[in-house]
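# Overview (structure and organization)
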Amino acid sequence: MPVITYREAVRHALAEELERDTNVVVMGEEVAQFNGAYKVTEGLLARFGPDRIVDTPISEAGFIGMGIGASMLGVRPVMELMFWSFYSVAFDQILNNAANVRYMSGGQINCPIVIRGPANGGTNVGATHSHTPENVLANHPGVKVVVPATAYDAKGLLKSAIRDNDPVFFLENTMLYGEKGEVPTEEYLIPLGKADVKRVGKDLTIVTYGRCVLHSLAAAAVLEKEHNISVEVVDLRSIRPLDIDTVLASVGKTHRVLIVEEQKPFASVGSQLAYMIQREAFDELDGPIHRLATVDAPAIYSPPVEAEQLPNPQRVIKAALAAMA
Amino acid sequence: MSKKPTANTEKKATPAAAVNDFAKAPINARLTKEGKIELHRKMVRIRRFEERSLRAYQAKKIGGFLHLYIGQEAVAVGCCSLMGANDHVITAYRDHGHAIAVGMETKPLMAELYGKSTGCSKGKGGSMHYFDPSRNFWGGHGIVGGQIPLGVGLAYGVKYKGLKGAAMAFMGDGAVNQGAVHEAYNLASLWNLPVVFVIENNGYSMGTSQARSSAGALAQRAAGYDMEWGQCNGHDVYEVRAMMDVFLTRARETNRPSTVEIDTYRYRGHSVADPDNTYRSKQEIEEYRRTKDPIQVFQERLLAEGVLDESLIEKIDNEARTEAELTAEFAEASPFPTPDDIQKDVYWESDHPAERKSEGRLFFD
């Protein structure tokens, strides 16, 4: 099976869907002539032309809103945010208009739009460019939120997202764009809302998603080798819809839970998970649910310290040992 | 119309203004007698609907806000009367007039105000959120200026699909200071999108007059985006149609966007929650009503043309009053949605379970 980068996997998903459906258009800042700020869309302009691959001005409220309006007429725009951090300047468009228009119209309208781009810290760009808004987005009924961790998942999930008739917010990660993984050449789709057990274990369940999946897998290898702890790593892949059943099945097996997320702790995705696990698997738990999140402050710039603000394998190991104590 | 105007550009230099008698503008000259009566009838129907909805609000049948369109009828009716099959409309929260102007039935409109399941949005949207995609009417939006980028998207969709049409994106004079509006202007002009931005200037953004809220002129700001602009009076439906026809035709034929400012006036407060006693005088309202009421102006015009007579005027008015009364009866008799309805119409997928592709939980408790 070919090994390609996460970046290439996203690009292949875009290209395949552009090829399949002429209603699909890719829009965003620097996606066309510049070949993508992170080179995700490299080569798409040459292949699909300027009507399908569209450079936008730095005008997120304008172009995201425009995409939402076009999607109401059946265009299927895939909008790139150079950073998901810029969602704040388009907040009203994304979370008042895209999220609510179906409801407010009594189900007459739907918005088949995808908004995608990286949402992560770890690149020393400071607090304004390091937001991870998946909890904020998922707090809005009407939207779907996907955070893939691997090249394989990114491709299969993005293709499903583009075919989805509801607004899907697809959160990638600049730290993962260069990560490689096996991706088949034949077409495949991964349904939204289906978690994936990335490592099977029996002593502790780590529930995680996004780049923290990689940290958790690295930590699990050390925990097995040095501490004789068998860790099961459940990758949510999709935040909303949420595959809580796979999480609960794992908890029923290990009876201990650590949630690992690159979120600020207050009212995070992990907060919701912890609520649901205690509510639905209380009798299965042999101890309190633990959670490792980003240290609760705006993203610090200082490069060596930012690595310690975010979850990393060492912090996961420490948190896992605490959860097992 | 004036592209890139200089500081002392003539304020009323619209293409419509070049025609002294707006009835002779080609788009109006082509009107049949029945077409003229229908314009009048629509304005009367809007007014009687709005008056009846106000009474329902005062009787506590309606919750939330109620932004009445009374006084502005010629704007929505004039503009929407020009719509072709591929033309689209989107507006803000003062949306009842546009909904009736595009042809929505009034019973579901009133039922929506009552929060009933027979409402046009099943009681889920309310006064500010009327929609009817089957009539190319895309709302009904509550956040000032937030609908304008969507309007550009409608124009983009029309153009992308290779259709010949245009979008009208309505806003109030208060919306012109919102950033989203300016972003939309830029995109529309940059990408040659067939949209006409319609500023319904009723003089007040809520309780703040134009002089206290907007620096400089309104429509002329379009020139900064290399867009054509125009301005006209909004109390004469002929004048509205004469100007809008020029800009809509240009949008359909050349994809060029434009911004038009239509001067109008609302007789009631910003919403029914506005006691309307702090920022303008009763004399000001009375003066407009006496000299520029859009229904009176057009009625007199059609009387002079021999299109209307007193008995037909009375008949149209009686029918509109009866229609409005029946909407209230319909709304009153209709059921409320149930708590089971709260989670319907949230996701396309949850409303189409047989076609659902995703898995996992969509809703949480």
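Any two aromatic rings considered together are summarised by their centre-to-centre distance and by the angle between their planes. Under the defined criterion, the tally for this structure stands at 16 aromatic pairs over all chains. Relative to Y177 of chain A, the ring of Y38 of chain A has its centre 5.8 Å away and its plane inclined at 40°; by these criteria the two rings are tilted. Placement of the pair is Y38 of chain A in the loop between β2 (24-28) and α2 (44-48) and Y177 of chain A in the loop between β7 (168-172) and β8 (180-182), with a sequence separation of 139 residues. Ring geometry for Y265 of chain B against Y288 of chain B: centres 4.8 Å apart, planes inclined by 25°, an arrangement best described as stacked. Here Y288 of chain B lies in helix α10 (residues 282-292) and Y265 of chain B lies in the loop between β7 (258-263) and α10, a separation of 23 residues in the sequence. Judged by relative accessible area, Y288 of chain B falls into the buried class, the value being 10%. Taken together through their ring pairs, the aromatic side chains of Y6, Y38, F83, F86 and Y177 of chain A make up a single cluster. Here the guanidinium or amino end of K116 of chain B rests over the ring plane of F336 of chain B, the centre of that ring lying 4.6 Å away.

Attention shifts here to the sheet that holds strand β6 (residues 228-233) of chain B. Strand pairing in a sheet takes place through backbone hydrogen bonds and is either antiparallel or parallel in direction. Residues and elements named next belong to chain B. The strand order across the open sheet built from 5 strands is β1-β2-β3-β7-β6, with neighbouring strands paired in parallel fashion. At either end of the open sheet lies a strand with only one pairing partner, and these are β1 (88-90) and β6. Sheet twist, expressed as the average angle between the axes of neighbouring strands with direction ignored, equals 20°. The pairing of strand β3 (residues 195-201) with β7 spans 6 bridges and is classified as parallel.

Across soluble globular proteins, nonpolar side chains show a tendency to be buried alongside one another. Residues W84 and I94 of chain A together with F197 of chain B are the most contacted members of the largest nonpolar core, which totals 87 residues. Residue contributions to this core peak at 7 residues, all from helix α6 (residues 148-160) of chain B. Counting contributing residues per domain, this core is built from domain 1 (3-182) and domain 2 (196-324) of chain A, each supplying no fewer than three. When near neighbours in sequence (up to four residues on either side) are disregarded, F197 of chain B contacts I148, V152, A169, M171, A184, Y185, A188, M227, P257, S258, T259 and V260 of chain B. Counting residues in each nonpolar core, the second largest holds 65 residues, with I46, L82, I100 and M244 of chain B among its members.

On inspection of all chains with the given rule, the structure shows 0 disulfides over all chains. Its sulfur unpaired, C111 of chain A is 18 Å from the next cysteine sulfur, which belongs to C120 of chain B. The exposure class of C111 of chain A is buried, given its relative accessible area of 2%.

Moving on, we come to the interface of chain B and chain A. In this complex, chain B contributes 51 residues to the contact, which on the side of chain A involves 61 residues. Carbon and sulfur atoms supply 62% of the area that chain B and chain A bury against each other, a total of about 4,300 Å² over both sides. Looking only at chain B, the three residues that lose the most surface to chain A are Y160, W348 and R361 of chain B, adding up to 16% of its buried area. Across the chain B-chain A interface, the total number found is 3 salt bridges. Note that R102 of chain A and D351 of chain B form a salt bridge whose closest N and O atoms lie 2.7 Å from each other. Counting residues per element, the ones that place at least two in the side of chain B that touches chain A are α6, α7 (179-190) and α13 (348-351) of chain B. A per-element tally of the side of chain B that touches chain A places α6 of chain B first, with 9 residues. Tallied by class, the residues present in the side of chain B that touches chain A amount to 24 nonpolar, 12 polar and 15 charged.

What counts as what
- Starting from 1, residues in each chain are numbered consecutively following that chain's sequence as written.
- Chains and ligands are labelled by the order in which they are written, letters from A for the one and numbers from 1 for the other.
- Only residues with pLDDT of at least 70 get local features here, since the model is predicted, and only at 80 or more are side-chain atom pairs given and counted; chain-wide, interface and lining totals rely on the full set of residues.
- Side-chain numbers here rest on the full set of heavy atoms in the structure, without hydrogens or water.
- Aromatic contacts are taken between Phe, Tyr and Trp rings whose centres are within 6.5 Å, Trp giving its six-membered ring; a plane angle under 30 degrees counts as stacked, one over 60 as edge-to-face, and the others as tilted.
- A run of H or I in DSSP becomes a helix once it reaches four residues, and a run of E becomes a strand once it reaches two; helices and strands are each numbered from the N terminus.
- Exposure is judged per residue with a 1.4 Å probe applied to protein chains only, and the accessible area is read against the type maximum: over 50% gives exposed, under 20% gives buried, and values in between give partly exposed.
- Placement of a charge over a ring requires the Lys NZ or Arg CZ to be within 6 Å of the ring centre, with the centre-to-atom vector within 35 degrees of the ring normal.
- Two strands pair if DSSP finds at least two bridges between them.
- The axes used here are C-alpha line fits, helices contributing only the stretch in contact, and every angle between their N-to-C directions lies in the interval 0 to 180 degrees.
- Remark: nonpolar core denotes a set of buried residues (Ala, Val, Leu, Ile, Met, Phe, Trp, Tyr, Cys) joined through side-chain atoms within 4.5 Å.
- Throughout, the edges of the domains are those of an automatic or database domain assignment.
- Any two residues whose heavy atoms approach within 4.5 Å are treated as being in contact.
- In this description, a disulfide is simply a cysteine sulfur pair whose atoms lie within 2.5 Å.
- Summed over both partners, the accessible area (1.4 Å probe) lost when two parts come together is defined as the buried area.
- Basic side-chain nitrogens of Lys or Arg form a salt bridge, by our definition, when they fall within 4 Å of a carboxyl oxygen of Asp or Glu.
- Basically, the charged four are Asp, Glu, Lys and Arg, the nonpolar ten are Ala, Val, Leu, Ile, Met, Phe, Trp, Tyr, Cys and Pro, and anything else, Gly included, counts as polar.

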